[in-house]
Amino acid sequence: MADDKKGRNKQADDEERRQRERELQEARDRGDEPEPVDAALEDALDDLDDNLEDREYPTTADELVSAHGDREIETEDGSKRLEDVFDPVDDESYDSADEVRNRIRELTDR
């Protein structure tokens, strides 16, 4: 390839294309990996997490509050009772412990 502006631009474009292809392939390869566990949220939930795993689903926010409302959840601003975390929520239904964890994350800005 000639060492001129056109040749250098083509080399740069080719390298960018190859880099994008590598990144896409890496993303595809990682597609089957499980999502990483949010360690901060897991610490915040402590033993409640075990109870969420053992619970039968579907379950509702009201059922969670009835069973675990007095449990403390660590938030960025300190701690809140689970009842207070779910206070703004109408009686939503959750199909898994992961859904509950995600909702808690949303409600506590984690």
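That block above? That's the structure.
Just so we're clear, the structure is a prediction, and the values are computed from it rather than from any experiment. (Residues numbered from 1 in each chain as written. Predicted model: local features only at pLDDT ≥ 70, side-chain atom pairs only at ≥ 80, totals over all residues. Heavy atoms only, no water.)

## Details of the overall build of the protein
In step 1: Of regular secondary structure, the protein possesses 6 helices and 4 strands.
In step 2: Ordered by position in the sequence, the α and β elements of the protein form the string α-α-α-β-α-β-β-α-β-α.
In step 3: Each of the 110 residues in the protein was classed as buried or not, and the buried ones make up 25%.
In step 4: Expressed as a percentage of contacts within the protein between residues at least 6 apart in sequence, the contacts between residues at least 24 apart total 51%.
In step 5: When the accessible area of the protein is evaluated, it comes to approximately 8,000 Å², of which 40% is carbon and sulfur surface. (Helix = DSSP H or I, 4+ residues; strand = E, 2+ residues; numbered from the N terminus. Buried < 20%, exposed > 50% of the residue type's maximum accessible area, 1.4 Å probe, protein only. Contact = heavy atoms within 4.5 Å. Areas by Shrake-Rupley, 256 points an atom, 1.4 Å probe, with all protein chains shown as cover.)

## So, a negative patch on the surface
In step 1: Taken together, D70, E72, E74, D84 and D87 make up a surface patch of like negative charges.
In step 2: Mapped onto the elements, E72 comes out in strand 2 (residues 72-75). (Patch = residues over 30% accessible without salt bridge, like charges linked within 9 Å, V, L, I, M, F, W, Y side chains within 5 Å. Salt bridge = Lys/Arg side-chain N within 4 Å of Asp/Glu carboxyl O. Lys, Arg positive; Asp, Glu negative; His and termini not counted. Charge placed at Lys NZ, Arg CZ, Asp CG, Glu CD.)

## Topic: the environment of R55
In step 1: Along the chain, R55 falls in the loop between helix 3 (48-54) and strand 1 (59-60).
In step 2: With 41 residues separating them along the chain, R55 and S96 place their C-alpha atoms 8.6 Å apart.
In step 3: When near neighbours in sequence (up to four residues on either side) are disregarded, R55 contacts E63, L64, A67 and H68.

## So, the pairing of strand 3 (residues 78-81)
In step 1: Where strand 2 and strand 3 come together, 4 bridges link them in antiparallel fashion. Counted as the bridge partner of T75 is G78 from strand 3.
In step 2: In this structure, the hairpin formed by strand 2 and strand 3 is closed by a connection of 2 residues. (Pairing = 2+ DSSP bridges.)

## Description of the pattern of salt bridges
Pairing of side chains with opposite charge becomes possible as their charged atoms draw close.
In step 1: Taken as a whole, this structure holds 10 salt bridges when the rule is applied.
In step 2: A salt bridge links D14 to K10; the nearest nitrogen and oxygen atoms lie 3.1 Å apart. Of this pair, D14 and K10 both sit in helix 1 (residues 5-30), separated by 4 residues, roughly a single helical turn.
In step 3: Take D14: its relative accessible area is 19%, and that puts it in the buried class.
In step 4: The residue R22 makes a salt bridge to E15 at a minimum N-O spacing of 3.0 Å.
In step 5: Through salt bridges with shared partners, a single ionic network connects D49, E53, D98 and R101.

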